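Structural features, examined
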Amino acid sequence: MANFLRALVADRRLIGLLLLASIALGAGLGLRDPSPPDEPRFVLAARHMIESGDWLVPHRGREFYAEKPPVFMWMQAASFAFVGDWRVAFLLPSLLAGLATLWLTADMAKRLWGRKYAVWAAAALLVCLQFGLQAKRGQIDMVLVGMTTLSLWGLLRHLLVGPDWKAAWLGAFAAGLGTVTKGVGFLPLLVLLPWILVRRDCMHTLSPAQGSAGRWFIFLLAFIAGTAVWLGPLSIALLLDNDPALRAYASELLFHQTANRYANAWHHVQPVWYYLQVIATVWLPGALLLPWLLPAWSHRLKRGDPRYVVLLGWAILVLIFFSISPGKREVYLFPILPALCVAAAPLLPALLRKQGVRRMLFGYVLVMAAALTLLGSSELFGISNWTVRLAEQRGLAATAVHNILVWLTFAGLAGLAMAAVTRLSRSGTCVLLFTTMLWLVYGIGLTPALDAHSSARALMESVGRQIGPDAELGLIDWREQNLLQADRAVTDFGFKQPLHAQWAEASQWVGQAPQRRWLLVLDDSLSSCVNRAGSIDAGRSNRRSWLLVPGTAISGACLAPGMDREDDGE
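The structure displayed is predicted, hence computed values, not measured ones. (Residues numbered from 1 in each chain as written. Predicted model: local features only at pLDDT ≥ 70, side-chain atom pairs only at ≥ 80, totals over all residues. Heavy atoms only, no water.)

**As for unusual backbone geometry**
Omega for the peptide link from Pro 36 to Pro 37 comes to 10 degrees, which places this bond in the cis form. Tracing the chain through its elements places Pro 37 in the loop between α2 (12–26) and α3 (39–52). Positive phi values are uncommon outside glycine, yet Ala 456 reaches one of about 70 degrees. Among the secondary structure elements, Ala 456 is positioned in the loop between α23 (427–454) and α24 (457–467). (Helix = DSSP H or I, 4+ residues; strand = E, 2+ residues; numbered from the N terminus.)

**Quick word on the pattern of salt bridges**
Summed over the entire model, instances satisfying the criterion amount to 24 salt bridges. Of the charged contacts, one joins Arg 457 and Asp 33 as a salt bridge, the two residues approaching to 2.7 Å between their closest N and O atoms. Of the two residues, Arg 457 sits in helix α24 while Asp 33 sits in the loop between α2 and α3, which places them 424 residues apart along the sequence. Of the residues examined, Arg 457 reaches a relative accessible area of 21% and is grouped as partly exposed. Judged by its relative accessible area of 10%, Asp 33 falls in the buried class. Each of Asp 38, Arg 41, Arg 60, Glu 67, Glu 480 and Lys 496 takes part in a single network of salt bridges with overlapping partners. (Salt bridge = Lys/Arg side-chain N within 4 Å of Asp/Glu carboxyl O. Buried < 20%, exposed > 50% of the residue type's maximum accessible area, 1.4 Å probe, protein only.)

**A look at the packing of helix α13 (residues 213–240) against helix α14 (residues 244–263)**
At a minimum axis distance of 10 Å, the contact between α13 and α14 shows a crossing angle of 145 degrees. α13 and α14 meet at a crossing whose hand is left-handed. Residues Trp 230, Leu 231, Leu 234, Ala 237 and Leu 238 of α13 lie in contact with α14, whose contacting residues are Leu 246, Arg 247, Tyr 249, Ala 250, Leu 253 and Leu 254. (Axes fitted to C-alpha atoms, helices over the stretch in contact; angles between N-to-C directions. Left-handed = near helix turned anticlockwise from the far one by under 90°. Contact = heavy atoms within 4.5 Å.)

**Some thoughts on helix α6 (residues 92–113)**
With 22 residues, α6 extends 32 Å from end C-alpha to end C-alpha; this agrees with the ideal 32 Å at 1.5 Å per step. The buried fraction of α6 is high, at 16 of 22 residues. (Expected span 1.5 Å × (residues − 1).)

This is how it looks when you write it as structure tokens:
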């Protein structure tokens, strides 16, 4: 007990930071619904698992959802089973993964550099904008980074601090589980390559004569066991069931959505230098320290410090891996951010004593706070009309716009006040407090103000009122949030099915009971068989206009241009 209390006292600053992170990242939990592009489809699949009892293959409406494995959706469904509220459950896995990632990052720094650097690594990660943004979203990426960081933590404990084979096996298992969560979960295993460079006797270490070959075989089995969490049940189902739809699902996910998506990306195509732009923006304010960090890292790499060679070597390999693929998104690079924060940790105390670094961080807070103040107050005082354009694009109510402006103004003024109190000498503290305040405002103020419209809840509530409680509703060219927010059982005609085929099915469905059946359809996707004058403007949501088509407004064969829809998610 005495040792435990001494450890608590020694780690009190880290504990305080984790409590602060819990407040900042947890702010707004339960105050909003899932919003596009990815959140509604994951919750839709998780809800189907709860309602149907089919946990093996996720569904999007009547179709299989083959873009991502079901592991993240399992977590959301399990969270709902525990808390009983989808507004909380869909964000809970990301929140817990974010907090776990902070602790793992701190513990890696403590083991590599010393206890006093743990809080520096965690604080560096917490203030980076991308980390907070992903921890507050119901998407796969924060959970993936939690798994890749756990894997890296286990591997580094063994390779640089150990030997610790149990930690290595845990790292291998986490990499396998990450792989069936999102295909790139295996990336932590690349850390073995720079480790080989700094361990000239690695072949001797791996020699069966040294008794380690069997342990590395267990390492491989641990990775396979991680992938078998999902691939095992899927393989059994494929062996026992000859359903062609299930086989098509497995082929789509395992080949088209993984290898083919990496080698021949069909969307999010970006130039090779794209990730420099990502680092310079979503990694703020950490990116501002790169002019000082890069020379310091280079010096330590030249000295051959194995800790830097392994950490930075792995980060470079991951950067190269994602840069080769034509398809690029800012979240792809996210897994290396915790490792870079660990590599920066022992340098940060000295850097924050430099006047140039202090000015850079202090200027960041001032610029951000001033921009938020101007953005929020300009419309309140009639200086700009940007909110009018925003309201028109997204169909926002006047009260929602007003709330957004008030919260932006508050955030800006609060940031300026923090800068005035902390001043230049404590610019690091100012950045930490400012970032915490940003996530509080984001969670409690901004996303709830946008929620009814960004989640399509307002649209679907309006649809429900217009058609009445006894009517039946069908969806054509729909989005996941439409099905998720519907106030009744809905008939869909496929999500990826060509538009002309959706209309053909819909016209038959409506024809069976035209007096009580309605269709909700995108304005741009209306068929020539519909009497537009008999349709009703349902409103705007997510920058799209929607129409309500009564069954009585449809005549003849419904045809529309053939369109195959590609998923627009991750």
